[in-house]
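# Topology and contacts: notes
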Amino acid sequence: MFGNLFEEDFSFISNNHCEKGKKSKPRDSEPPAPRDFTNLSGIKNQGGTCYLNSLLQTLLFTPEFREALFSLGPEELGSLDNSSKPDAKVRIIPLQLQRLFAQLLLLDQQAASTTDLTESFGWNSHEEMRQHDVQELNRILFSALESSLVGTSGHDLINRLYHGIVVNQIVCRECKNISERQVKEDILEMETLVMSVRLLQSFGGKKRVDHSKVETLFCITVCLQLFKIILQSAKLRKLPPFLTISLLRFNFDFEKCERYKETSCYTFPIQINLRPFCEQTEMDDSEYMYELFSVIIHKGGCYGGHYHVYIRDVDELGNWQLKDGLIEDEPLGDTENAKVVENPLVVLKGILSEEESKQIPVDQLGQKLLEKKGVSWNKKYRKEYGALRKYLQNHPHIFQFSPDENKVGLKEKHKLPFKSDSQGQDLQSPSQKNDVQWNSEKNPTRLRASSAGCHWFDLNDSKVQPIKEKDIEKQFQGKESAYMLFYRKSQLKRPPEARGNPRYQIPEHLLNEMNAANTELQKKRAECDSANNGIDLHLHLSSCYKFHNGALHPSLTWKESVVDLTIDRRKTLGDLRQSVFQMLESWEGDMILSIAKPLPAGLHLYQILDGDELTLDGIELADGADVFVWNGKEVGGTKVMTGPDHAPVVVNVLRLAEYNEGGKGQHFTESQHVFSCSTKLGDLRRALAPLGGIILKNGSEPDKEAKNWEVFLEEDMKETVKSVGLTDGCSVLILDSHDQSFVNVSSGNLTAFTYDISWLQVKNYCRTEEEEKHLLSQISSYLNYVIYLSVFPALLVTANDSCLRPVSGNGKLLSPVPEDYTVKEAELKMGSLLGLCRGKAPTSTQTALLLLSFPYVCFCFSVGDNWHLRRIDWCYEAGEALSQENSLFSLPGDSPHELLLRVQMGIPGERDYYDSTDLVWDISKECTAWALRQRVASHYFLPIDKIEIAKYFAEKFEWLPISSWTQQISKRKRKKKQESLQSAPYHLKDGDIIGVKNLLLDDTKDFSTVRDDVGKEKQRQLAFEKKKSRQTERLQDHVFSEEKLNIKHRKPEVALSINVGVFR
C-alpha cells in the first residue's frame, strides 16, 4: 500500500554503556537483560521493524489467536529441524510465530528477536531496515498465514476470528426500495476517514449520491425510473469476534501534489455498541458490544516516524505497577464529575439548553460562558481546543449556525436530557437510535483497574511500561496519534486458569525448549555477572619488602613478591580480609590492608582500608588495585610513613661540572635523589649544598627542553617539596655561588638558566665559518654589551664596527637593531637568533636605508635611460615604485617632520579650481588646523581670517572643511587641546589635496565641483545596482534553499511481501 513510506525514527532507543570501573565485554558475549518489573517482554527493533513489532504484540495479546496457533502441533506444521530437507513440507511461518510467542511469554529476557521470523518471510537485511505501513502488513501477514495453514485444522483460523460480512445498500428516494450488494471481506478492511469526527459517526454515515456522478441506476422493482437522488450506506450482516479498524490518516493533496498526515482529532470509545449498524438487531445487547484492547500508534509525519502500541492485558500476564508503587484509580464518580465539568462540549450544551431562543450570537455565548464559569474561553479552553467559533464549527452534529454564521444553537435532538441505566450506558430516545453517543459527550463506563483484564501497557519495541486507561485519550490527535484500533467482543470470556498463567495452552515441546533456554540464560548471566563484578587485586606481602631510600622495594623479584586475588566487588572488606587470612595461613598478629601505588621511587602506602562492613565497591576499590599486607607500623624493622604528604619524589639534581670533567662538551653532572613530599626546602639545600649556594627549579615540563629556570629565594626555604611544585622528574640546579651572570653552553641537558636572565643566539657573519654563541644577557642590559660578549672571544672585529641584525625564520637578515636599545625594547624573545654583521648600528633616532643597484638586486630596474626607486622590506620583498608625485616618503619607524600638500585656489563665481601647487608644511612643532590655515594664508599672501580650507577625499568625491577659527587661541588653551590633523577625521598625509576659498572674492563655502556631482551620481548608481544585484542573489538563494528543502530524496518505494511455500 504505502511501500517503504516511512523511515524509522531511532530517537526512542537508548544505548547501554558499561558502568565505571567495570570491565567492558563484547555485546555478543553478554546475555540479554532479564525482564523488568512489568514481567512482559518487548521485541528488538531490527532497524525499521517497529511496525512489525506493534502488530506481533497485538496478536500475542489476542489470547484466542495465540491459543489457536499453539493448538497446531508438529504433526500438522512439521518441525524446524527438517526445514533444510528438500522433500519435507515444513510450514516455517506458523512454526516461527509459535516459537516467538513462546519466547515472549516464557523466556526471561527483556526483548525477543524477530530475526528468525523475518527470515522465514524471505526478508533480507535491506527489507528489515525499511519501514512499511502496519495496515498493509496486517493484511499481508493474515494472507500468508491462511496460505501456510492450508490443509491443517487451522485453515479457517483467520476467517473464524476476523472475517465478517458487509452489505452495501442503495435506497431509492422515490419508492423507498432497497437494493443491496453483499460483500464478504475482512473487517480489517473497514477503513474510516479521519476528518475531525468520531468513530461512530463514520460508521453510521449515509452518503447522498447524485445521479450525475453515477452510471445509469434504475429502480427496476418498483418505479422503473432513474435514481435522481439516492442514499448509500453499509450494514453489518455478520459480526466477527475481533473487529479491526484502520484510520486513514495518510492522504494526498492533489493541489500541492504531496502526501500529508491528518492530525486532527478523531475520537473513539473504549466500549462500542454496533447494534445501530447491524442488519439484524433482534439479538441481546451483549452480541453487539465490543471492547477496545489494542491501539497501534504512529508518531511522526507521512515520510517518517515510529510505531508503538497500547495493549490491554486481558489475561493479566504482566505486573501493572509503577516503580513508586501500585497505581490506584480515583473513585469513579469523582473522576466522571470532574471530566464533565472540564468538558467544554457539556458546558456549551448546558448554556444553550437554558436559552429560550433557539439561537444566540456567538459572542454572547462566550460572555455567558465567562459569567457561568468565571473564566473566559481563551484562558480555559483555547490552548487545547482552539478558538470558540472553530470549535463550534467542528461539531456540526451538535451545533447549528444561522445562515450568516453569527448565531449558534443546539440541534433539536441534543436538547433532550440524557438518561443512564444502572450500568452507566446511555438510553437513547427513538430519534437517537441511529446516532450512538460516545464518551466525549457522555463518558462511557470506566473499567476499574481492580477488575480482571483491565491493565494497559505501552509496548514500544524493547521497552514496556504500564499506562492508565485515560492515557489513550492523548492519542486522539496530533503527530502522535492512533492509527489502528482492535476491538474484541465483550462476551468473549477468559477461563480462570488462563489468568496470570503464561504457560497456558503452550505445547509441551515449546515448554521444554523455553525451560532449557532459561537455564542456559541463568548460567550465562551468572558467568557474566562474575566477570563484570570480579576485580583482580595485587597483594604485596610485607615479608617480601624492605624500606630504603624513602620507598618500599621488593627483596625478591616482582612476581615473587606479589600474590593475585580475584574477588567480587560486592563483597565486604571483612570478606576480603578473611580471604587473605585463608591464603596466608602462616600469618601471625594484626593484619592491616593499605592501598599502595608504585611510584618512580618505589612502592608507597596511602590510606588504610577500614570498616569491615563496607563493600569493596563502596570504598571504590578499583580493578587491578595494589594492596599492601602488613602490621600497620613497620616493614623489616623500619617505620614507614604513609599518606600522600609523605610520598617519595625523585628529583634530578644538576651541578656545574669542572672544565675537563665528563669529557668534551659535558658541562653539567646529573644525579637522582629521593625526597619526601614533606621535606622542607631548607633541609633539601643542606643535603645537596652543605657549603651553601642557590637552588634553581626548571619551570618547564619534565619531558620538554629546559628553558625557564626560577631561583628559590630565602623565604622559600620554609616551604615543602610538595608546596613548591616539585614532582617526579623535575630538575633542580645547584650553584655554589650567587655571582653567576652568564653560562656559555653549546650542548648538554640544559641550555641556560636565569633568575631575571634571558639568552640569545648570535651567528657571526664576520667570519668565513659560522659560529653560534649562546649568550646570557640581563634583560636590562644593552645590546652593545651582547656584541661585546660575542666579539671579544672572536678577536676579529671591534664592537664599534659591528651591528646586530635579527635573522628571520627563513634565514634572511632583517633591519639592524639600534645600538642603544635594550633587549626588551628590541622585542627580542628568549632564544632569538641575531646575526653579527659588519657596519655601524643605527641609533634609535636613525633609520637604515639600503640602496640596491641593478647589477646586484633584481628589484631595482631601469625604465628607459632613467633609474627609479622602490621601497623594499628587510626580507628583500619589493614594494611600490616611488614616482615623482610621491617623491617624499617615510620609512618604517621614521616620523616625518614635513608634509607635502597640493593646494588649489577656488575660481570665484565658479565651481572649479585653478591648477594645484605644492606646499611644504613643517609639522615638527604642531599639526593643527590653526597652523595649516596660517601656512596656507602665508602661501597665498592673504589674511588668515579671509580664507576657508577643506580636505578633498577623492574616493568619495567629498570635501571636509577644516575647522574655521576667527582668532588665535591662547597658548594655554592650545596646549590643552592639541588636535592633530593627522588623526581622525582628516588623516592628513603627503599628497593630500587642500581646497582654498578666498572670502574677499568668493563668499560661498561650497567646495564641491561639477565633477564631484557626476562622480557621486555614478557612485549612487553603482551602489543601487550592487544593492539590486545582492537582493536578486538573496532572492535566488532563498528560492533555491526552499526548493532544496522541499526536494526530499526519498528511497524508492518497495511493496511489502511475504514468501510462502505451496502446501495445497
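Residues numbered from 1 in each chain as written. Predicted model: local features only at pLDDT ≥ 70, side-chain atom pairs only at ≥ 80, totals over all residues. Heavy atoms only, no water.

The name given to the protein chain in an unreviewed UniProt entry is Ubiquitin carboxyl-terminal hydrolase 40, with the source organism recorded as Bubo bubo. Under the UniProt heading Catalytic activity (unreviewed entry), the note attached to the protein chain is "Thiol-dependent hydrolysis of ester, thioester, amide, peptide and isopeptide bonds formed by the C-terminal Gly of ubiquitin (a 76-residue protein attached to proteins as an intracellular targeting signal)." (UniProt positions renumbered as here; feature names shortened; annotations may be inferred.)

### Focus on the overall build of the protein chain
Counting its secondary structure elements, the protein chain contains 23 helices and 48 strands. Counting all 1064 residues of the protein chain, 42% fall into the buried class. (Helix = DSSP H or I, 4+ residues; strand = E, 2+ residues; numbered from the N terminus. Buried < 20%, exposed > 50% of the residue type's maximum accessible area, 1.4 Å probe, protein only.)

### Examining the sheet that holds strand β33 (residues 694-698)
What the five strands build is an open sheet, ordered β32-β31-β35-β33-β34; its pairing is mixed. Whereas interior strands pair on both sides, the edge strands pair on one side only; in this sheet they are β32 (668-676) and β34 (709-711). If you compare each strand with its neighbour and ignore which way they point, the axes differ by 30° on average. When β33 meets strand β35 (residues 731-735), the two strands line up antiparallel, connected through four bridges. Bridging across to β35, Ile-694 finds its partner in Leu-735. Contacts between helix α19 (residues 681-688) and the sheet are confined to β31 (648-656), β32, β33 and β35, with β32 contributing the most and set at about 135° to the helix. (Pairing = 2+ DSSP bridges. Axes fitted to C-alpha atoms, helices over the stretch in contact; angles between N-to-C directions. Contact = heavy atoms within 4.5 Å.)

### Some thoughts on the side chain of Thr-152
Structurally, the position occupied by Thr-152 is in the loop between α7 (134-148) and α8 (157-162). For Thr-152, a relative accessible area of 6% gives the class buried. Among the polar contacts made by the side chain of Thr-152, one reaches the main-chain carbonyl oxygen of Leu-149 at a distance of 2.7 Å. The residues contacting Thr-152, other than those within four sequence positions of it, are Glu-76 and Arg-91. (Polar contact = N/O pair within 3.5 Å; in protein donor to acceptor, adjacent residues only side chain to side chain.)

### Quick look at the sheet that holds strand β48 (residues 993-998)
Two strands in a sheet stick together by hydrogen bonds in their backbones, pointing the same way (parallel) or opposite ways (antiparallel). Reading across the sheet, the five strands line up as β45-β44-β48-β46-β47 and stay open at both edges, with mixed pairing between neighbours. Two strands bound the open sheet, and with one partner strand each, they are β45 (917-922) and β47 (958-961). On average, adjacent strands in this sheet sit at an angle of 40° to one another, irrespective of strand direction. Bridge count between strand β44 (residues 898-905) and β45: six bridges; the pairing is antiparallel. The partner of Leu-899 across the bridge, within β45, is Trp-921.

### Focus on unusual backbone geometry
Note the cis peptide between Ala-984 and Pro-985, where omega equals 5°. Mapped onto the elements, Pro-985 comes out in the loop between α22 (971-976) and β48. Positive phi is not limited to glycine here, since Asn-39 has a value of about 65°. You can see Asn-39 is positioned in the segment before β1 (42-43). Of note, the phi angle at His-987 is positive, near 50°, even though the residue is not glycine. Structurally, His-987 is set in the loop between α22 and β48.

### Let's talk about the confidence of the model for the protein chain
Of the residues in the protein chain, 70% reach a pLDDT of 70 or more, and the chain-wide mean stands at 75. Note that pLDDT drops below 50 for residues 659-666; the model gives that stretch four contacts with residues more than four away or on any other chain. Contacts from residues 787-798, a stretch scored under 50 in pLDDT, to residues over four places away or in other chains number 22 contacts. (pLDDT = per-residue confidence, 0-100.)

### Details of the packing of helix α1 (residues 50-60) against helix α4 (residues 92-106)
Relative to each other, α1 and α4 sit at 80°, their axes nearing to 11 Å. Our classification of the angle between α1 and α4 gives roughly perpendicular. Of the residues in α4, those touching α1 at Leu-56, Gln-57, Leu-59 and Leu-60 are Leu-97, Leu-100, Phe-101, Leu-104 and Leu-105. In terms of residue class, the contact of α1 with α4 is built from eight nonpolar, one polar and no charged. (Parallel < 35°, antiparallel > 145°, perpendicular 65-115°, else oblique. Nonpolar A, V, L, I, M, F, W, Y, C, P; charged D, E, K, R; others polar.)

### Brief notes about helix α2 (residues 63-70)
Burial analysis of α2 places eight of its eight residues in the buried class, which makes it a mostly covered element. Here α2 has its buried residues at Pro-63, Glu-64, Phe-65, Arg-66, Glu-67, Ala-68, Leu-69 and Phe-70.

### Concerning a positive patch on the surface
Residues Lys-1026, Lys-1027, Arg-1030 and Arg-1034 make up a contiguous surface patch of positive charge. If you trace the backbone, Lys-1027 turns up in helix α23 (residues 1010-1046). Classification of Lys-1027 by relative accessible area gives partly exposed; the value is 47%. (Patch = residues over 30% accessible without salt bridge, like charges linked within 9 Å, V, L, I, M, F, W, Y side chains within 5 Å. Areas by Shrake-Rupley, 256 points an atom, 1.4 Å probe, with all protein chains shown as cover. Salt bridge = Lys/Arg side-chain N within 4 Å of Asp/Glu carboxyl O. Lys, Arg positive; Asp, Glu negative; His and termini not counted. Charge placed at Lys NZ, Arg CZ, Asp CG, Glu CD.)

### Notes on the packing of aromatic side chains
Within this structure, the stated rule accounts for 20 aromatic pairs. Centre to centre, the rings of Phe-242 and Phe-293 are 6.0 Å apart; their planes meet at 70°, and the pair counts as edge-to-face. Taken together, the residues span a long stretch of sequence, with Phe-242 in strand β8 (residues 242-248) and Phe-293 in strand β12 (residues 289-301) at a distance of 51 residues. Each member of the pair, Phe-242 as well as Phe-293, carries the same accessibility label: buried. With a centroid separation of 5.1 Å and 25° between ring planes, the pair formed by Tyr-913 and Trp-959 is classed as stacked. With Tyr-913 in the loop between β44 and β45 and Trp-959 in strand β47, this pair connects stretches of sequence that are 46 residues apart. The same class applies to Tyr-913 and to Trp-959, which are both buried. Taken together, Phe-65, Phe-101, Phe-142, Tyr-162, Phe-242, Phe-293 and Phe-486 form an aromatic cluster joined through their ring pairs. Above the face of the Tyr-606 ring, Lys-597 is positioned so that its terminal group lies 5.1 Å from the ring centre. Its guanidinium or amino end placed over the ring of Phe-1007, Lys-997 lies 5.9 Å from that ring's centre, counting from NZ or CZ. (Phe/Tyr/Trp six-rings, centres within 6.5 Å; stacked < 30°, edge-to-face > 60°. Lys NZ or Arg CZ within 6 Å of the ring centre and 35° of its normal.)

### Details of the pattern of salt bridges
Going through the model one piece at a time under the given rule, you end up with 27 salt bridges. Residue Arg-494 is joined to Asp-315 by a salt bridge in which the shortest nitrogen-to-oxygen separation is 2.8 Å. On the criterion of sequence distance, the pair formed by Arg-494 in the loop between β21 (480-489) and α16 (508-533) and Asp-315 in the loop between β13 (304-313) and β14 (321-322) is long-range, its members being 179 residues apart. A salt bridge links Arg-686 to Asp-683; its shortest N-O distance comes to 2.2 Å.

### Some thoughts on the packing of helix α11 (residues 344-354) against helix α12 (residues 362-373)
Between α11 and α12, the least distance of the axes is 10 Å, while the angle of their chain directions is 105°. In terms of axis orientation, α11 runs roughly perpendicular to α12. Of the residues in α12, those touching α11 at Val-347, Leu-348, Gly-350, Ile-351, Leu-352 and Glu-354 are Leu-365, Lys-368, Leu-369, Lys-372 and Lys-373. Looking at side-chain class alone, the contact of α11 with α12 contains six nonpolar, one polar and four charged residues.

### Overview of the nonpolar core
Residues Phe-65 and Phe-101 are the most contacted members of the largest nonpolar core, which totals 65 residues. Of all the elements, α4 adds the most residues to this core, at nine residues. Apart from residues lying up to four places away in sequence, Phe-101 is in contact with Leu-56, Leu-59, Leu-60, Phe-65, Arg-66, Leu-69 and Phe-70. (Core = buried A, V, L, I, M, F, W, Y, C linked by side-chain atoms within 4.5 Å.)

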